[in-house]
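# Structural overview for review
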Amino acid sequence: MSAVSDRLPAFPWDRLEPYKKTAAAHPDGIVDLSVGTPVDPVPEPVQKALIDAADSPGYPTVWGTPALRDAITGWLERRLGARGVTHRHVLPVVGSKELVAWLPTQLGLGPGDKVAYPRLAYPTYEVGARLARAGYEVYDDPRELDPTGLKLLWLNSPSNPTGKVLSKRELTEIVAWARAHGVLVFSDECYLELGWEADPVSVLHPDVNGGSYDGVVAVHSLSKRSNLAGYRAAFIAGDPAVLGPLLEIRKHGGMMTSAPTQAAVVAALGDDGHVREQRERYAARREALRSALLAQGFRIEHSEASLYLWATRDESCWTTVARLAELGILVAPGDFYGEAGEQFVRVAVTATDERVEAAVRRLTA
């Protein structure tokens, strides 16, 4: 029973528990800026769609309803500038994390194959490679990788944890490099609608992919842009030659999004207004926390998009975590995302207005 779990690293968030207890002991309570979980209400139209679909006694389909596929293709064209997207180009998934974790296995990767991802990255990219018993390596610039044995290249723009955004030119050159070497590109774009000082671009944009989806797939989630983390609602879009076999595998595995969630996603993707409202909330919280951290002597790098501030005081990330925990503020240590983050902390801007105000008061007192 331990054979699979033995392939995995220790779950990093368990290491944060002592600091969480310290922060929770603050007289005014904890301000949790660590995980980045949404705290604002699910938009009313989305809740209504979920409720209206509550009487769903039959099995949902893995591919989703035609209405769901229409909603996804419409959003891709309207918001990302994708062209010629059909139902064959899209596939709903049960939240983006399960897709990331199980993708190398579902692609048939194994020993002798390699998965590459950014040097500072979401830990689940490595977990996915380990589950498949594939090799893995990190990069600063993927075009400098040795393509031998490289089967899957993860891009992440905007980045978690740093908020860094790859330019249209960089994306175009990376896609061209990957195609030249027969490397499949999966681009994690879950924060794409949350650009602040940059305008993120999708690999699905024709300026990036030359009007072809060959060898390119984008990953999108409704967790942050629509406050649907609890719904487990996400999808992938791109090369039908990749998505078709994944659909068949996921049918056999029963990896289906619930029918009420599918209906909720249709409503969420059809309403841009709630996304603008949520962006305004996050923008205000981001600016308040950013100003308070700078006043405390922090330096903030990248962070031009996403829901995090990548901050440092040029000391061990755990020293910073401990200092902030004494103020009742919990943040994520940068080394959760790779050795290159050992002097940074990731500060989420997803707390309520009241908790953000509390953090600002403590930082500026």
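The structure this text deals with has already been given above.
The sections below set out a description of the structure shown in this document. A quick note: this is a predicted structure, and the numbers were derived from the prediction, not measured.

The subject of this paragraph is the overall build of the chain. When helices and strands are counted, the chain shows 13 helices and 13 strands. Rg of the C-alpha trace for the chain: 20 Å, near the compact-globule value of 21 Å for 365 residues, within the 12% margin. C-alpha extents for the chain along the principal axes are approximately 55 × 50 × 45 Å. By residue count, 53% of the 365 residues in the chain fall in the buried class. In the chain, the proportion of contacts linking residues at least 24 apart, taken out of those at least 6 apart, comes to 75%. For the chain, the accessible surface area stands at approximately 15,400 Å², while carbon and sulfur atoms represent 53% of it. Taken together, the 39 basic and 46 acidic charged side chains of the chain have centroids lying 1 Å from each other.

According to the stated counting rule, one finds 13 aromatic pairs in the structure shown. An aromatic cluster is present here, built from Trp 13, Tyr 19, Trp 310, Trp 318, Phe 336, Tyr 337 and Phe 344 joined pairwise through their rings. It is Arg 69 that lies over the ring of Trp 63; its NZ or CZ is 3.8 Å from the centre. For the cation-ring pair, Arg 313 lies above Phe 298, with the distance from its terminal atom to the ring centre recorded as 5.4 Å.

What follows concerns the pairing of strand E5 (residues 150–156). Taking burial as the measure, the seven residues of E5 include six buried ones, the bulk of the element. Bridge count for strand E3 (residues 114–118) against E5 is three bridges, and the pairing is parallel. Within E5, the residue paired with Lys 114 across the bridge is Leu 150. When E5 meets strand E6 (residues 184–188), the two strands line up parallel, connected through five bridges. The partner of Asn 156 across the bridge, within E6, is Asp 188. Crossover connection from E5 via helix H7 (residues 168–180) to parallel E6: handedness right-handed.

Counting buried positions over the eleven residues of helix H5 (residues 96–106) gives eight, a clear majority of the element. For H5, every residue scored as buried is listed here: Ser 96, Glu 98, Leu 99, Val 100, Ala 101, Leu 103, Pro 104 and Gln 106. Taken from the residues just after H5, Gly 108 is the one with a positive phi, measuring 80 degrees.

The strand order across the open sheet built from four strands is E9-E10-E13-E12, with neighbouring strands paired in antiparallel fashion. Edge positions in the sheet fall to strand E9 (299–301) and strand E12 (332–333), since each of these pairs with one other strand and no more. In this sheet, strand E10 (residues 308–312) lies alongside E9 in antiparallel orientation, the contact comprising three bridges. If you follow Arg 299 over to E10, its bridge partner there is Thr 312. Contacting E9, E10 and strand E13 (344–348), helix H11 (residues 273–295) crosses the sheet at an angle of about 5 degrees to E10.

Before going further, it helps to spend a moment on the side chain of Glu 315. Within the secondary structure, Glu 315 is located in the loop between E10 and helix H12 (317–326). Relative accessible area serves as the criterion here: at 14%, Glu 315 is assigned to the buried category. A distance of 2.8 Å separates polar atoms of two side chains, one belonging to Glu 315 and the other to Thr 320. There is a polar contact of 3.2 Å between the side chain of Glu 315 and the side chain of Arg 323.

Quick notes on the rules
Residues numbered from 1 in each chain as written. Predicted model: local features only at pLDDT ≥ 70, side-chain atom pairs only at ≥ 80, totals over all residues. Heavy atoms only, no water. Helix = DSSP H or I, 4+ residues; strand = E, 2+ residues; numbered from the N terminus. Rg over C-alpha atoms; globule rule 2.2 N^0.38 Å. Buried < 20%, exposed > 50% of the residue type's maximum accessible area, 1.4 Å probe, protein only. Contact = heavy atoms within 4.5 Å. Areas by Shrake-Rupley, 256 points an atom, 1.4 Å probe, with all protein chains shown as cover. Lys, Arg positive; Asp, Glu negative; His and termini not counted. Charge placed at Lys NZ, Arg CZ, Asp CG, Glu CD. Phe/Tyr/Trp six-rings, centres within 6.5 Å; stacked < 30°, edge-to-face > 60°. Lys NZ or Arg CZ within 6 Å of the ring centre and 35° of its normal. Pairing = 2+ DSSP bridges. Right-handed = clockwise from strand over helix to strand, strands pointing away. Axes fitted to C-alpha atoms, helices over the stretch in contact; angles between N-to-C directions. Polar contact = N/O pair within 3.5 Å; in protein donor to acceptor, adjacent residues only side chain to side chain.

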